[in-house]
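# Structure at a glance
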Amino acid sequence: MSEFNKRASSWDEQDRRVNGAKIIADAIKERIELTQDMKIIDFGVGTGLLGFEIAKDVKQVYGVDTSEGMLQKLKEKNSNTSFIIPIHQDIINEPLNDTFDGLISSMTLHHIQNIELFFQSISKILKKDAFIAIADLESEDGTFHSDNTGVHHFGFSQEDLQKIATQNGFYNVTVENINTIQKPHGAFGVFLLSAKKR
């Protein structure tokens, strides 16, 4: 994830990223009842663009990332009124020794090689009936990124993801389009997968 370390300092400068995270946060809040007693994992927290929006409505957000550069930028943004606990760990291969009320994630899933293992791993750290809300790219032709280093999936099909999530510990799985990212060379759909832990 060294490319993310290099890009961390300027990550928040793109309006598309900032606005996209706000759209995802709004979509999550419309579909999931967030409460002030919830402990939430933000998987692939980055600089906290999504996590800080969700932190307003829950007890605590724990931001997990494998990029030290991104987490350093996150720490700089922490304040007394809005605080995400940073965790530098690959929780797919080294799950945390705690359980959580929910998991959110924004545009990280396509960087994960083994999607089945991802769902199996996160199910181990989620309480029964905990929610997941995962936003990522719909199937695309590989042109979303200018450099596909570290990209393991050119988006996802709704049917495939629903099947994988259902087979690996989740129920009430829904996948729906919540945004379209316009780039000079094309339009790219963004979905939100929401589900509950079995």
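Residues numbered from 1 in each chain as written. Predicted model: local features only at pLDDT ≥ 70, side-chain atom pairs only at ≥ 80, totals over all residues. Heavy atoms only, no water.

## With respect to the packing of helix H5 (residues 115-124) against helix H6 (residues 158-167)
Put simply, H5 and H6 touch, their axes get as near as 9 Å, and they point 40° apart. Here H5 is positioned oblique relative to H6, judged by the angle of their axes. Judged by the sense of rotation from one axis to the other, the crossing of H5 with H6 is right-handed. Only Leu161, Ile164 and Ala165 of H6 make contact with H5, whose side of the interface consists of Ile115, Glu116 and Phe119. Its residues assigned to classes, the contact of H5 with H6 comprises five nonpolar, no polar and one charged. (Axes fitted to C-alpha atoms, helices over the stretch in contact; angles between N-to-C directions. Helix = DSSP H or I, 4+ residues; strand = E, 2+ residues; numbered from the N terminus. Parallel < 35°, antiparallel > 145°, perpendicular 65-115°, else oblique. Left-handed = near helix turned anticlockwise from the far one by under 90°. Contact = heavy atoms within 4.5 Å. Nonpolar A, V, L, I, M, F, W, Y, C, P; charged D, E, K, R; others polar.)

## Details of the sheet that holds strand E6 (residues 170-183)
Taking strand neighbours across the sheet as the criterion, the seven strands line up as E3-E2-E1-E4-E5-E7-E6 in an open arrangement whose pairing is mixed. Edge positions in the open sheet fall to strand E3 (84-88) and E6, since each of these has one partner strand only. When strand polarity is set aside, the average angle formed by the axes of neighbouring strands in this sheet is 20°. Along the sheet face, helix H4 (residues 68-77) touches strand E2 (60-65) and E3 and points at about 165° away from the line of E3. (Pairing = 2+ DSSP bridges.)

## Overview of the nonpolar core
Of all hydrophobic cores here, the largest spans 31 residues; its most connected members are Ile41, Phe118, Phe119, Ile132, Phe170 and Leu193. Mapped by element, the contributors of at least two residues to this core are strand E1 (39-43), E2, strand E4 (100-106), H5, strand E5 (126-137), H6, E6 and strand E7 (186-197). Residue contacts for Phe119: discarding those within four places in its chain leaves Ile132, Ile134, Leu161, Ile164, Ala165, Asn168, Phe170 and Leu193. Among the nonpolar cores identified, the runner-up in size contains 29 residues, and Ala27, Leu74, Ile84 and Phe144 belong to it. (Core = buried A, V, L, I, M, F, W, Y, C linked by side-chain atoms within 4.5 Å. Buried < 20%, exposed > 50% of the residue type's maximum accessible area, 1.4 Å probe, protein only.)

## Re the pairing of E2
Burial of E2 is extensive: six of the six residues sit out of reach of the surface. Residues of E2 alternate between two faces, with Gln60, Tyr62 and Val64 on one and Val61, Gly63 and Asp65 on the opposite face, all of them buried. Pairing of E2 with E3 involves five bridges; the strand directions are parallel. Bridging from a neighbouring strand, Asp65 pairs with His88 of E3. Each parallel crossover has a hand, and the one from E2 via H4 to E3 is right-handed. (Right-handed = clockwise from strand over helix to strand, strands pointing away.)

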